[in-house]
Amino acid sequence: MTTDPESLIESFRSAGQGQVFAFYEKLAPDARSRLLAEAAEIDLAEIDRLVRTLVRAGGSPAVDVDGLAPAPYERLPGHGGDASAWSAAKAAGDAALRAGRVAAFTVAGGQGTRLGYDGPKGTFEVTPVRHHSLFRVFTEKILAAGLRYGRPLHWFIMTSHQNHEATEAYFRENLHFGMDPARIHFFRQGRMPAVDFSGKILLETQGSLALSPDGHGGSLRALERSGALDLMASEGIDTLSYFQVDNPLVRCVDPAFLGWHLARRSEMSSKMVPKGYPEEKLGHFCVREGRLVVIEYSDLPMALQRETDPLTGGLRYEAGSIAIHAIDREFVRRMARGDGGLPFHRADKKITTVDSEGREVRPAKANGVKFELFVFDALPSAGNPVVVETARADDFSPVKNAEGVDSPATCRDDQLRQFTRWLRRAGAAVPAGASGLPGFPLEVSPLFGYDEDSFMESWSRMSPKPAIAGGLVLESSK
Ligand code: UTP
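Right, let's walk through the structure included here.

Basis of the calculations
Residues numbered from 1 in each chain as written. Predicted model: local features only at pLDDT ≥ 70, side-chain atom pairs only at ≥ 80, totals over all residues. Heavy atoms only, no water. Helix = DSSP H or I, 4+ residues; strand = E, 2+ residues; numbered from the N terminus. Buried < 20%, exposed > 50% of the residue type's maximum accessible area, 1.4 Å probe, protein only. Arc of directions from axis to C-beta. Contact = heavy atoms within 4.5 Å. Salt bridge = Lys/Arg side-chain N within 4 Å of Asp/Glu carboxyl O. Near = heavy atom within 4 Å. Polar contact = N/O pair within 3.5 Å; in protein donor to acceptor, adjacent residues only side chain to side chain. Areas by Shrake-Rupley, 256 points an atom, 1.4 Å probe, with all protein chains shown as cover. Nonpolar A, V, L, I, M, F, W, Y, C, P; charged D, E, K, R; others polar. Pairing = 2+ DSSP bridges. Axes fitted to C-alpha atoms, helices over the stretch in contact; angles between N-to-C directions. Parallel < 35°, antiparallel > 145°, perpendicular 65-115°, else oblique. Left-handed = near helix turned anticlockwise from the far one by under 90°. Phe/Tyr/Trp six-rings, centres within 6.5 Å; stacked < 30°, edge-to-face > 60°. Lys NZ or Arg CZ within 6 Å of the ring centre and 35° of its normal.

**Some thoughts on unusual backbone geometry**
Keep in mind that most residues, glycine aside, have a negative phi and that most peptide bonds are trans.
And step 1. The omega torsion of the bond from Ser-463 to Pro-464 falls at -5°, within 30 degrees of zero and hence cis.
And step 2. Within the element layout of this structure, Pro-464 appears in the loop between α14 (452–461) and β21 (473–474).
And step 3. In this structure, Phe-177 takes a positive phi of about 50° despite not being glycine.
And step 4. In this structure, Phe-177 sits in the loop between α6 (164–173) and β4 (184–188).
And step 5. Taking relative accessible area as the criterion, Phe-177 reaches 12% and is therefore assigned buried.
And step 6. Phi is positive for Asn-384, close to 50°, though the residue is something other than glycine.
And step 7. Position of Asn-384 relative to the elements: it lies in the loop between β18 (368–373) and β19 (387–389).

Dropping the structure here:
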């Protein structure tokens, strides 16, 4: 795209997007330059195509469920899986971690509107006793895993234009929670303009476009563009362990999962949990024309979501996606460079904008469309994708909403249950009711145990054992 102001403005006019410059003449010189710089980022041909296919056509095309089948997955040993295959996978994952082939990767560019928290979501405090933030929990898990494998890990964190500076400042002010800053790599994801229902690009103010992050699927092209893939290659890293910023239970690097991924020569692998109930809002792993796909809960007809398997009596489409993936570095590069790339999805949203006089408008209902990429749309392009079962209690309790399901309260309880379970398996007497919750708050630092194995190792070394009481915090064993 040209940077010459006249021709840039003219290209918008001829694309029917001249409204972007409606207040241009009134702007101060530096505000004009900022608007021009934002406009120069826009791929007008791409916007035109999205408006034709997603906005004017009245929504994303209906998902074709013909020929759809539930995806097969590797079952946990306790759920019919082969215990020796799981041990082999774990050994392969352990070896890859010891060899430094794996980096952690967090997508943290979302806007977190449902939680309604002001600030990067990773800075939200989640742990039950010490109120540590999501970012601190992940840092300590990644640090602890690096110590355990004798190979400090690299951690890639994708931010957005909105939260990049605040995220970096948060880590700086907290001295990176003890992790070597040279191993934490922040990079911004791309952004997309929002349009109104007639396809016109919206202004957020007289001098700025309504821009928003391009979805977690934007991570693939952002990894390539930022140079992260080249850095990985120079460090001998070939596998990304992908997780979301809102889920403190996640095993940031899980050797068994990574081992399945590597042993199968998979380009992109995914964890699944059996859906708790038919209406649960998880994407579904399915197969269509021999390709692995994720069909969102809003796109799979409810009749199919409720269908049961006559043999097991369980849900037929039971494999729910929890947004944890292992991804091959060169697959990311191929996807980022490939023609077409991932498809955009349409999301109707309330978008703050300006009226024809330039006054701010905060709409009460959706007034426009945002375009987003989803990372799981890469799965159909991946060679040998594997879906691997995990226990929800070991990997998944996201903080999405301020209240109710997937809220800070449910996440706190799930952490308490996990700590209680580990302690009880280690033989400690923790009073707990039928809900699995302990009678009092307690907390296990990831530096003491970031998964069940590392917890057991630290616990067995610990002498004397601590008294189990309210407010107990198990700190680093070092
Ligand atoms: P969500 O789908 O929960 O979206 O993101 P969100 O924007 O964080 O929250 P709401 O919908 O506004 O309440 C799932 C994960 O994907 C990341 C988020 O940071 C989170 O880790 N994400 C989402 C990005 O990194 N970039 C995006 O553009 C969108």
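**Topic: α14**
And step 1. Residues Ser-454, Phe-455, Ser-458 and Trp-459 constitute the buried set of α14. For α14, the buried positions fall inside an angular range of 135° around the axis, keeping them on one side. Opposite the buried face of α14, at more than 90 degrees from it, the exposed residues are Ser-460 and Arg-461.
And step 2. Where α14 is buried, its residues touch α5 (134–149), α13 (408–425), β20 (443–444) and β21.

**What to know about helix α1 (residues 5–14)**
And step 1. Leu-8, Ile-9 and Phe-12 are the residues of α1 that are buried. For α1, the arc enclosing every buried residue in end-on projection is 95°, short of the 170-degree limit, so these residues lie on one face. Along α1, the residues that are exposed and aim more than 90 degrees away from the buried face are Glu-6 and Ser-14.
And step 2. Here the buried face of α1 lies against α2 (29–40) and α3 (44–56).
And step 3. In the segment just after α1, Gly-16 is the residue with positive phi, at about 80°.

**Things to note about the pattern of salt bridges**
And step 1. Counting across every chain of the model gives 36 salt bridges.
And step 2. Measuring nitrogen to oxygen at the nearest pair gives 3.4 Å for the salt bridge that ties Asp-48 to Arg-52. Of the two residues, Asp-48 and Arg-52 both sit in helix α3, 4 residues apart, roughly one turn of that helix.
And step 3. Asp-48 sits in the partly exposed class, given a relative accessible area of 39%.
And step 4. Here Arg-52 falls in the partly exposed class, since its relative accessible area comes to 46%.
And step 5. Linking Arg-251 and Asp-254 is a salt bridge whose minimum nitrogen-to-oxygen distance equals 3.4 Å. Each member of the pair, Arg-251 as well as Asp-254, carries the same accessibility label: buried.
And step 6. What you see here is one network of salt bridges that share partners, running through Glu-224, Asp-230, Arg-329, Glu-330, Arg-333 and Arg-337.

**Let's talk about the site of the ligand**
And step 1. Taken together, the neighbourhood of the ligand is formed by 17 residues, with Val-107, Gly-109, Thr-113, Arg-114 and Gln-189 sitting nearest.
And step 2. Measuring from an oxygen atom of the ligand, one finds a side-chain N or O atom of Thr-113 at 2.4 Å.
And step 3. Within the backbone of Arg-114, one N or O atom sits 2.8 Å away from an oxygen atom of the ligand.
And step 4. Considering the ligand on its own, with 560 Å² of exposed area, one finds that the protein chains cover 88% of that surface.
And step 5. Residue composition of the shell around the ligand, grouped by class: 5 nonpolar, 9 polar and 3 charged.

**With respect to the sheet that holds β18**
And step 1. Taken in spatial order, the 3 strands line up as β6-β18-β15 in an open sheet, and their pairing is antiparallel. Each end of this open sheet is capped by a strand with a single partner; those strands are β6 (195–196) and β15 (344–349).
And step 2. Relative to β18, β6 runs antiparallel, the two sharing 2 bridges. Bridge pairing in β18 links Val-195 to Val-369.

**Overview of the packing of α1 against α2**
And step 1. Interhelical geometry of α1 versus α2 gives an angle of 55° and a closest axis separation of 11 Å. If you check the angle between α1 and α2, you find them oblique. Here the hand of the crossing between α1 and α2 comes out left-handed. On the side of α1, the interface is formed by Pro-5, Leu-8, Ile-9 and Phe-12, while α2 contributes Leu-36, Ala-39 and Ala-40.

**A word on the side chain of Thr-420**
And step 1. Structurally, Thr-420 can be placed in helix α13.
And step 2. Given a relative accessible area of 1%, Thr-420 falls into the buried group.
And step 3. Those residues in contact with Thr-420 that sit more than four places away from it in its chain are Val-430, Ala-432, Gly-436 and Pro-438.

**Points about the packing of helix α4 (residues 83–98) against helix α9 (residues 255–263)**
And step 1. Axis separation between α4 and α9 bottoms out at 6 Å; the angle between their running directions is 95°. Viewed along their axes, α4 and α9 adopt a mutual orientation that is roughly perpendicular. Of the residues in α9, those in contact with Ala-85, Trp-86, Ala-89, Lys-90, Ala-92, Gly-93, Asp-94, Ala-96 and Leu-97 of α4 are Pro-255, Ala-256, Leu-258, Gly-259, Trp-260 and Leu-262.
And step 2. The residue makeup of the contact of α4 with α9, split by class, is 11 nonpolar, 2 polar and 2 charged.

**Observations regarding the packing of aromatic side chains**
When we look at a pair of aromatic rings, we describe it by the centre distance and by the angle of the planes.
And step 1. Taken as a whole and assessed by the stated rule, the structure comprises 19 aromatic pairs.
And step 2. Their ring planes at 90° and their centres at 5.6 Å tell us that Phe-12 and Phe-21 sit as a pair that is edge-to-face.
And step 3. Taking 5.7 Å as the distance between ring centres and 75° as the angle between the ring planes, the aromatic pair formed by Phe-105 and Tyr-242 counts as edge-to-face. Placement of Phe-105 in strand β2 (residues 102–107) and of Tyr-242 in strand β10 (residues 239–244) is noted, with a sequence separation of 137 residues between them.
And step 4. Given the relative accessible area of 0%, Tyr-242 is considered buried.
And step 5. One aromatic cluster is present, formed by Phe-135, Trp-155, Tyr-170, Phe-171, Phe-177 and Phe-186 through successive ring pairs.
And step 6. Here Arg-32 stacks its cationic end above the ring of Tyr-24, 4.9 Å away from the centre of that ring.
And step 7. Sitting above the plane of the Tyr-149 ring, Arg-148 keeps its charged end 5.9 Å from the centroid.

Function cannot be inferred from these measures alone, as they are strictly geometric.
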